Amino acid sequence: MAKKKPDIPRGATPRPVAKPARQWRLPQLNIRWQWLLLPLLLVALVAGMRWGYQSWPVTAIDVSGRLSIWQADEIARQLVWVKGESFFSLDVEKVHRQLQALPLVLQVNVRKRWPGTLDIRLYEDVPVALWNNDQLLSASGMLSAVPAGLETAGLTRMQGSSVQAEQAVRYFRRIQQVLAGNAVRVEQLHITATGAVRTQLNNGWQVEFGRQYFEERVLRLAALLARLPQEKVQAVDLRYGKGAAIRWHQDQEMGS
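Rules used throughout
In every chain, residue numbers begin from 1 and rise along the written sequence. Predicted model: local features are reported for residues with pLDDT of at least 70 only, side-chain atom pairs are reported and counted for 80 or more only, and whole-chain, interface and lining totals are derived from all residues. Each side-chain value is worked out from all heavy atoms of the structure, with water and hydrogens disregarded. Only protein atoms enter the 1 Å grid used here, on which a cavity is any set of points holding a 1.4 Å probe that cannot leave and a pocket is any open set flanked by protein within 12 Å on both sides along at least five of seven lines; residues with an atom within 4 Å of a point are listed as lining. Grid points are joined across faces, edges and corners, and a volume is the space filled by probe spheres set on the points. The way it works is that DSSP assigns letters per residue, a run of H or I at least four long becomes a helix, a run of E at least two long becomes a strand, and they are numbered from the N terminus. Three categories are distinguished: nonpolar for Ala, Val, Leu, Ile, Met, Phe, Trp, Tyr, Cys and Pro, charged for Asp, Glu, Lys and Arg, and polar for the others, with Gly belonging to the last. Definition of nonpolar core: a set of buried residues of the types Ala, Val, Leu, Ile, Met, Phe, Trp, Tyr and Cys, connected through side-chain atoms within 4.5 Å. Here the term buried applies to any residue with accessible area under 20% of the maximum for its type, exposed to any over 50%, and partly exposed to those in between, with areas from a 1.4 Å probe on protein chains only. Residues are treated as being in contact if the distance between any of their heavy atoms lies within 4.5 Å. Should DSSP find at least two bridges between two strands, the strands are taken to pair. Geometry is summarised by axes, namely lines fitted to C-alpha atoms with helices restricted to the contacting stretch, and by angles between N-to-C directions that run from 0 to 180 degrees.

Caption draft 1: Inspection of the layout of surface pockets at higher detail. There is about 330 Å³ of room inside the largest pocket. Taken together, 21 residues line the largest pocket, and the ones lying closest to its centre are R198, T199, Q206, V207 and E208. Among the elements of the structure, β7 (156–159), β8 (186–191), β9 (197–201), β10 (206–210), β11 (233–237) and β12 (245–248) are those that each provide at least two residues to the lining of the largest pocket. A breakdown of the residues in the lining of the largest pocket according to their chemical character gives eight nonpolar, seven polar and six charged.

Caption draft 2: Here's a closer look at the nonpolar core. The biggest cluster of nonpolar side chains holds 36 residues, and the ones touching the most others in it are M158, L179, L189, W205, F209 and L221. Residue assignment for this core shows that the elements contributing at least two residues are β4 (127–131), α4 (165–179), β8, β9, β10, α5 (214–227), β11 and β12. Considering every element that reaches this core, the biggest residue donor is α4, with eight residues. Non-local contacts of L179, meaning those with residues more than four positions away in its chain, are made with V184, L201, L221, A222 and L225. By size, the runner-up hydrophobic cluster in this structure holds 18 residues, among which are F87, V95, V110 and I120.

Caption draft 3: Fine view of the sheet that holds strand β1 (residues 60–66). Across the sheet, which stays open at both edges, the three strands sit in the order β1-β3-β2 with mixed pairing between neighbours. Edge strands, defined here as strands with exactly one partner in the open sheet, are β1 and β2 (105–113). Going from strand to strand, the sheet's axes swing by 20 degrees on average, the running direction of each strand aside. Where β1 lies against strand β3 (residues 117–124), seven bridges are found, and the strand directions are parallel. Bridging from a neighbouring strand, R66 pairs with Y123 of β3. Each of β2 and β3 is contacted by helix α3 (residues 92–100), which is oriented at about 155 degrees to β2, the strand it contacts most.

Caption draft 4: Spatial organisation of unusual backbone geometry. Here W114 and P115 are connected by a cis peptide whose omega angle stands at 10 degrees. Turning to its location among the elements, P115 is positioned in the loop between β2 and β3. Unusually for a residue other than glycine, N132 sits at a positive phi of about 50 degrees. With respect to the element layout, N132 can be found in the loop between β4 and β5 (135–138). Judged by relative accessible area, N132 falls into the partly exposed class, the value being 30%. One non-glycine residue, A183, lies in positive phi territory at about 55 degrees. With respect to the helices and strands, the residue A183 is situated in the loop between α4 and β8.

See the structure below:
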């Protein structure tokens, strides 16, 4: 049986149903407020690190090592400009160069120690002689200025050109080694422009070694020291094949 349609009044049209008005809304963003602060935190962190890099000061200088001529407080005074410098930006190479340029400084190690200390380990060279009356000659053959206040009265006097400095140290050491058993040492050593060597010993002997056969002539000198009355000899000339010319205090000469 067919379903009966509802009765619609004749002569009338159905009233349309009103649709609800459309509302425009911004899309919802799922962003937490913490993420908005992240750039600000990063900027603050970078600024803080930059401030610390530039402003964290060096407050102490610790000096140690092998020191005899220099004292630790003297080395620290040489670096008075370091205190107050930034711990992070301080140029340790600049410090190293300054200390390496000091007289008799053989080796320097420089490093930073947190939170504000500059550590310095310094090793001195050994002074051997006063060179040309105005420089120090060290055991490694290096020439340097004479540190203020250094007593040089007990040092051997040496003369020569700067290129002969290392050779002079070798000559000096060999003579000292050979003559050690005779309680004799070198007071003066001179190398001429031609390379000839002459010395003055502390027993008063003036010794001519010449330019050649140095080792042989040093051994010959040791033999003469053992045989001759040292107090009567004024000079010894070793520039002979297998002998020596002796000048006595009485101005007599004889072959040996």
